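# Descriptive structure summary
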Amino acid sequence: MKIAVTYENGEIFQHFGHTESFKIYETDGKNIISSEVVSTAGSGHGALAGFLLQKGVDVLICGGIGGGAKMALAQAGIQLMGGVSGGADQAVSAYLDGKLQFNPNVMCNHHDEHHGEGTNCGHGSCGSHKCH
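As a starting point, this report considers the structure included with it.

In this structure, Met71 sits in helix α2 (residues 67-76). When the C-alpha atoms of Met71 and Ala49 are compared, they prove to be 9.3 Å apart, with 22 residues separating the residues in sequence.

For the rest of this paragraph, the subject is α2. Every buried residue of α2 is accounted for by Ala69, Lys70 and Leu73. Taken around the axis of α2, the buried residues stretch over an arc of 105°, which confines them to a single face. Counted as exposed and oriented over 90 degrees from the buried face of α2: Gly68, Met71, Ala74 and Gln75. Just past α2, the residue Gly77 takes up positive phi, approximately 80°.

All right, on to unusual backbone geometry then. With phi around 50°, Asn9 is a residue other than glycine that occupies positive phi space. You can see Asn9 is positioned in the loop between β1 (2-8) and β2 (11-12).

Scanning all chains against the criterion turns up one salt bridge. A salt bridge links Lys23 to Asp89; its shortest N-O distance comes to 2.9 Å. Taken together, the residues Lys23 in strand β3 (residues 21-27) and Asp89 in helix α3 (residues 88-96) connect sequence positions 66 residues apart. Residue classification places Asp89 among the partly exposed positions, given a relative accessible area of 35%.

Okay, the side chain of Lys23 next. For Lys23, a relative accessible area of 11% translates into the label buried. Only 2.9 Å separates the side chain of Lys23 from the side chain of Asp89, close enough to count as a polar contact.

Parameters at a glance
Every chain's residues receive numbers from 1 upward, in the order its sequence appears when written. Selection of residues for local features in this predicted model requires a pLDDT of at least 70, selection of side-chain atom pairs for listing and counting requires 80 or more, and totals for whole chains, interfaces and linings are taken over all residues. Water and hydrogen atoms play no part in the side-chain values, which are based on all heavy atoms of the structure. We count a stretch as a helix when DSSP gives it H or I for four or more residues in a row; a strand needs E for two or more, and each element gets its number in order from the N terminus. Classification of residues uses two cut-offs on accessible area relative to the type maximum, computed with a 1.4 Å probe and protein chains only: under 20% is buried, over 50% is exposed, and between them is partly exposed. Along the arc lie the directions from the helix axis toward the C-beta atoms. For this document, the term salt bridge refers to a Lys or Arg side-chain nitrogen within 4 Å of an Asp or Glu carboxyl oxygen. Any pair of N or O atoms that falls within 3.5 Å is considered a polar contact. Within protein, one atom must be able to donate a hydrogen and the other to accept it, and sequence-neighbouring residues count only if both atoms are side-chain atoms.

Right under this line is the structure:
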């Protein structure tokens, strides 16, 4: 099984649509066999689900995510574990142990707004935006 995590400096990046890299883990279902950090090469919101599908990903662990991306992941058959923060390696280990704390209703609701100065998506909060 392959598990992808939105990734930045060892932590789970908090805005799926703006992630610049994923850490992809190859597992045997109970243990991590290997992992690698892969660049999204500038892929944006719409292309990321396809990017993960091409990489053979079964599960995505991330922070905030918008409705369109959630739908694209569901259509690609990728299980979503959203609303997670902290260390990427620890989150994957918790997932494999059946102990990952996640929010099945996670939603980032600011995709129609202009992302300007002061927006802090991806760095632990979403500034004035409403990420749940």
